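Coordinate analysis (summary)
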Amino acid sequence: MAIRTIIKSGDEVLKRVCRTQLTFDERLASLLDDMADTMYAADGCGLAASQVGILRRICVVDVGDGLIELVNPVIIEKKGVQEEQEGCLSFPGEYGTTVRPMKVKVRAQDRNGNTFTVEGEGLKARAFCHEIDHLDGIVFKDRLK
Ligand code: NI
């Protein structure tokens, strides 16, 4: 387990589209461990692999009720609307209002390749949307109201 360097705004890596993760091995497990360590050390509630320079469709989220590891996540349902302030570990000190769904359902794989679905409402829905956006090279500043 190790804390990785978070890539900051201005780096083109944040605009790249990430590739599907096809292997579920020790390397993926240690990347997920490092991503969680890095997110917690930075006091964030989500982190995408591209933010540590790995262009794979992988992210971690913890809004205070436990760590969720998402490999190849896809939003399969959206409900409602919320408008809230959002920030990003790659844009320290910058915040802005975005419009996001109030509730989302996400389908993803776990670190062993098993498919699962997870639902989020409020902050958790926003975190899922924000992190999955990163995997498509989209940052919150592209979504400002
Ligand atoms: Ni972010």
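In the block above lies the structure referred to throughout.
Residues numbered from 1 in each chain as written. Predicted model: local features only at pLDDT ≥ 70, side-chain atom pairs only at ≥ 80, totals over all residues. Heavy atoms only, no water.

1. Describing the state of the cysteines
Inspection of the entire model under this criterion finds 0 disulfides. In this structure C59 is not part of a disulfide, and its nearest cysteine sulfur, from C18, lies 9.5 Å away. (Disulfide = S-S within 2.5 Å.)

2. Considerations on the coordination of the nickel ion
Those protein atoms acting as donors to the nickel ion are C88 (SG), H130 (NE2) and H134 (NE2), and they sit at 2.0 to 2.2 Å. Owing to a relative accessible area of 5%, H130 belongs among the buried residues under this scheme. (Donors = N, O, S within 2.8 Å, 3.2 Å for Na, K, Ca; no water. Buried < 20%, exposed > 50% of the residue type's maximum accessible area, 1.4 Å probe, protein only.)

3. Quick word on the pairing of strand β2 (residues 58–61)
Burial of the side chains of β2 extends over both faces: I58 and V60 are buried on one face and C59 and V61 on the other. Summarising the sheet, strand β1 (residues 46–48) and β2 pair through 3 bridges and their orientation is antiparallel. Paired with L47 across the strands is V60, a residue of β2. Here 4 bridges tie β2 to strand β3 (residues 68–79), and the two strands are oriented antiparallel to one another. When the bridges of β3 are listed, V60 appears paired with E69. Adjacent in sequence and paired antiparallel, β2 and β3 are bridged by 6 residues, among which G64 carries a positive phi angle near 110°. (Helix = DSSP H or I, 4+ residues; strand = E, 2+ residues; numbered from the N terminus. Pairing = 2+ DSSP bridges.)

4. Section: helix α2 (residues 123–135)
The end-to-end C-alpha distance of α2, which contains 13 residues, comes to 19 Å, matching closely the 18 Å that a straight helix rising 1.5 Å per residue would cover. With 12 of its 13 residues buried, α2 lies for the most part within the structure. By the burial criterion, the buried members of α2 are K124, A125, R126, A127, F128, C129, H130, E131, I132, D133, H134 and L135. G137 occupies a position one or two residues after α2 and carries a positive phi of about 75°. (Expected span 1.5 Å × (residues − 1).)

5. A closer look at the pattern of salt bridges
In total, this model carries 12 salt bridges according to the counting rule given. The residue D65 makes a salt bridge to K124 at a minimum N-O spacing of 2.9 Å. Here D65 is found in the loop between β2 and β3, whereas its partner K124 is found in helix α2, with 59 residues between them in sequence. For D65, a relative accessible area of 53% gives the class exposed. (Salt bridge = Lys/Arg side-chain N within 4 Å of Asp/Glu carboxyl O.)

6. Some remarks on the packing of aromatic side chains
Scanning the model with the defined rule gives 1 aromatic pair in all. For the pair F91 and F140, a centre-to-centre distance of 5.7 Å together with 90° between the ring planes defines the contact as edge-to-face. In this pair, F91 sits in the loop between β4 (82–86) and β5 (96–100) while F140 sits in the segment after α2, placing the two residues 49 residues apart along the sequence. Looking at F140, the relative accessible area reads 2%, which means it is buried. (Phe/Tyr/Trp six-rings, centres within 6.5 Å; stacked < 30°, edge-to-face > 60°.)

7. Quick look at helix α1 (residues 26–41)
For α1, built from 16 residues, the straight-helix expectation of 22 Å at 1.5 Å per residue is met to within 8% by its first-to-last C-alpha distance of 22 Å. The inward-facing, buried residues of α1 abut β1, β2 and β3. Directly beyond the C-terminal end of α1, a positive phi value near 65° is found at D43. (Contact = heavy atoms within 4.5 Å.)

8. Section: the side chain of Q82
Locating Q82 in the fold gives a position in strand β4. Separated by 3.0 Å, the side chain of Q82 and the backbone oxygen of G122 make a polar contact. (Polar contact = N/O pair within 3.5 Å; in protein donor to acceptor, adjacent residues only side chain to side chain.)

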